[in-house]
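Structure assessment
The residues making up each chain are set out below.
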Amino acid sequence: MTADRISGAAVPYLPRGVRLHDDRVRGIRVLLAPERVIQLDPVGHAILSELDGKRSLAEVIATLCARYDAPPEQIEGDVQDFLRDLADRRMVFLDGEAGGPA
Amino acid sequence: MRDDPAPRDIDGNPVRVGLPMAMLAELTHRCPLACPYCSNPVELTRASAELKAAEWAGVFRQAADLGVLQVHLSGGEPASRRDLAEIAAAARDAGLYVNLITSGIGLTEARLRELDGAVDHIQLSLQGIDAEMADWISGYGGSFARKMQVAEWVRAIGFPLTLNAVVHRQNLDRLPEMIDLAERFGCRRIEVATVQFHGWADLNRRPLMPTQAQANRAREVVDEARRRLQGRMVIDYVPADHLAAFPKSCMGGWGSTGLNVAPDGTVLPCHAAQTIKTLVFENVREVPLARIWHDGAAFNAFRGTGWMPEPCASCERREIDFGGCRCQAMALAGDARATDPVCSRSALHARLRAAAEAEAASDSTVLVYRRMTREKRG
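In this text, all values refer to a predicted model and were calculated from it rather than measured experimentally.

Some words on the overall build of chain A
For chain A, the helix and strand inventory stands at 3 helices and 5 strands. Secondary structure elements of chain A, listed N to C terminal, follow the sequence β-β-β-β-α-α-α-β. Computed over C-alpha atoms, the radius of gyration of chain A comes to 13 Å, within 12% of the 13 Å expected from 2.2 N^0.38 for 102 residues, which places it in the range of a compact globule. Once the C-alpha set of chain A is aligned to its principal axes, its extents read approximately 35 × 35 × 25 Å. Within the span of chain A, comprising 102 residues, buried residues form 45% of the whole. Contacts in chain A between residues at least 24 apart in sequence constitute 53% of all its contacts with a sequence separation of at least 6. Roughly 5100 Å² of accessible area belongs to chain A as shown, and the carbon and sulfur atoms make up 51% of that amount.

Put into structure tokens, the structure is as follows:
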């Protein structure tokens, strides 16, 4: 497993073929990707909703801290773990870092 | 549907019914290729019986209402349908994630551009790593060169691409090159799937059965490549199931998360289900999809665990692998309820394994190709 932290300057985004979806039948939010459906909890959904392909990881974390009035260390840890896992599964791309767009 | 009786399995046990996530839409059984392991039934559906594009649109809307999130447009070769772009757009309009499973043959750059915006992801089959192997296995001269061209167009347009390598004794030794090719194409994923030996592949056990040594080596190749490509490319690997200790969880459990619509609208729990001749399958032309899913006797037949005989009934893995594949149990044990004989706990396992070893030791390279009897053109 890659244990590396994602650089705060990296710009995370959902690549083509990966998208958020409102599952109206089950009443949940999911991430749709090739051959995969991932059920998102509110935290995961909040993180992915912030990825616009423009703002850096540091800016995304700052936005989430302000919105949820939570300490940066906690948000940073949640976001790092969540995005690193999805990046390893090629469901999140990181601009400006190895493992970015092919 | 309040007045309907509770759903029951093939033995009358009550079952719980979940919601399907994925639908395989077999748009046609027509295909220019003739791969000797084709997953289509041996009795192929003719073009004249295929659902029309407008009928597919209705099926997609019903599927989305039922809870399906992803549709896999497959065949046969889906590009053999001239109205593929219309069908793909209808699937996307229904709110589904659209995956196109294709050999690439029949696609042009212009046709691919028509699919841009409708298709989320493309899965391109790989029969071999060079023209000699791929054209021999597919029974279609020039298929490899054409496929490489299609992969370039797919990349230029920007579709995410998965290579789907089907492996067997004739090509498994070239697995490292298949993985390299996927990397060169910028694939995010490669699927490496060992041939499933039913249907057409059952007619080709001797030329295609991999050896134990090949399977062991393939495992090492996959493990090494996963480490090397961590964060760059995902490798999904389906090993030969008779060489494993336990069967695969076929379809994640019968009637549990997936369904298959055949070219003529017949709705199946899996693509091979029609080999179980005692089951009756309903058609979406006549019965609403939700009713087939929730109430259809064929879907309920093997839901849950109540129908299981021993050794499955008391097995701690019964809700992990659900006793394996019902179609394989039918084909190899002559009983769709039986423990899948690929399971090491099946009484038939030793005999199956010995047969597979004998098949793998064969030097046969004679392939029985998939063929459709030609339809008279009007």
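That covers the picture; the talk isn't over yet.
So, the overall build of chain B
Within chain B, the regular secondary structure consists of 12 helices and 9 strands. The C-alpha radius of gyration of chain B comes to 20 Å, within 12% of the 21 Å expected for a compact globule of 378 residues. Each principal axis of the C-alpha distribution contributes one length, and for chain B these read about 55 × 50 × 50 Å. When each of the 378 residues of chain B is scored for burial, the buried share is 56%. Nonlocal contacts in chain B, meaning residues at least 24 apart in sequence, comprise 73% of its contacts between residues at least 6 apart. Side chains of chain B give 45 positive and 46 negative charges; the mean places of these two sets differ by 2 Å.

Things to note about the packing of helix α6 (residues 175-184) of chain B against helix α8 (residues 212-228) of chain B
All names here are of chain B. Where α6 meets α8, the closest approach of the two axes is 10 Å, and the angle between their N-to-C directions is 30°. Taken together, the axis directions place α6 and α8 in an arrangement best described as roughly parallel. Helix-helix and strand crossings are classified by hand; for α6 and α8 the assignment is right-handed. For the pair α6 and α8, contact is made by Leu175, Pro176, Ile179, Asp180 and Glu183 and by Ala218, Val221, Val222, Ala225 and Arg228, respectively. Residue classes in the contact of α6 with α8 are distributed as 7 nonpolar, no polar and 3 charged.

Things to note about the sheet that holds strand β3 (residues 28-33) of chain A
Residues and elements named next belong to chain A. With antiparallel pairing, the 3 strands of this open sheet are ordered in space as β2-β3-β4. The sheet terminates laterally at β2 (19-23) and β4 (36-40), the two strands that pair on one side only. Looking at each pair of strands side by side, their axes are set apart by 35° on average, direction ignored.

Regarding the state of the cysteines
All names here are of chain B. A full pass over the atoms with the stated rule returns 0 disulfides over all chains. You can see cysteine 31 has no disulfide; the closest cysteine sulfur is in cysteine 35, sitting 6.5 Å from it. Looking at cysteine 38, it has no disulfide partner, and the nearest cysteine sulfur is the one in cysteine 31, 6.7 Å off.

Some words on the packing of helix α1 (residues 42-49) of chain A against helix α3 (residues 72-88) of chain A
Between two packed helices, what matters for the description is the angle formed by their axes and the separation of those axes. Residues and elements named next belong to chain A. Contact geometry for α1 and α3: axes closest at 11 Å, N-to-C directions at 75°. Looking at the two axes, α1 sits roughly perpendicular to α3. On the side of α1, the interface is formed by Gly44, Ile47 and Leu48, while α3 contributes Asp78, Val79, Phe82, Leu83 and Leu86. The class makeup of the residues in the contact of α1 with α3 is 6 nonpolar, 1 polar and 1 charged.

Reading guide: rules and limits
Residues numbered from 1 in each chain as written. Chains lettered and ligands numbered in written order. Predicted model: local features only at pLDDT ≥ 70, side-chain atom pairs only at ≥ 80, totals over all residues. Heavy atoms only, no water. Helix = DSSP H or I, 4+ residues; strand = E, 2+ residues; numbered from the N terminus. Rg over C-alpha atoms; globule rule 2.2 N^0.38 Å. Buried < 20%, exposed > 50% of the residue type's maximum accessible area, 1.4 Å probe, protein only. Contact = heavy atoms within 4.5 Å. Areas by Shrake-Rupley, 256 points an atom, 1.4 Å probe, with all protein chains shown as cover. Lys, Arg positive; Asp, Glu negative; His and termini not counted. Charge placed at Lys NZ, Arg CZ, Asp CG, Glu CD. Axes fitted to C-alpha atoms, helices over the stretch in contact; angles between N-to-C directions. Parallel < 35°, antiparallel > 145°, perpendicular 65-115°, else oblique. Left-handed = near helix turned anticlockwise from the far one by under 90°. Nonpolar A, V, L, I, M, F, W, Y, C, P; charged D, E, K, R; others polar. Pairing = 2+ DSSP bridges. Disulfide = S-S within 2.5 Å.

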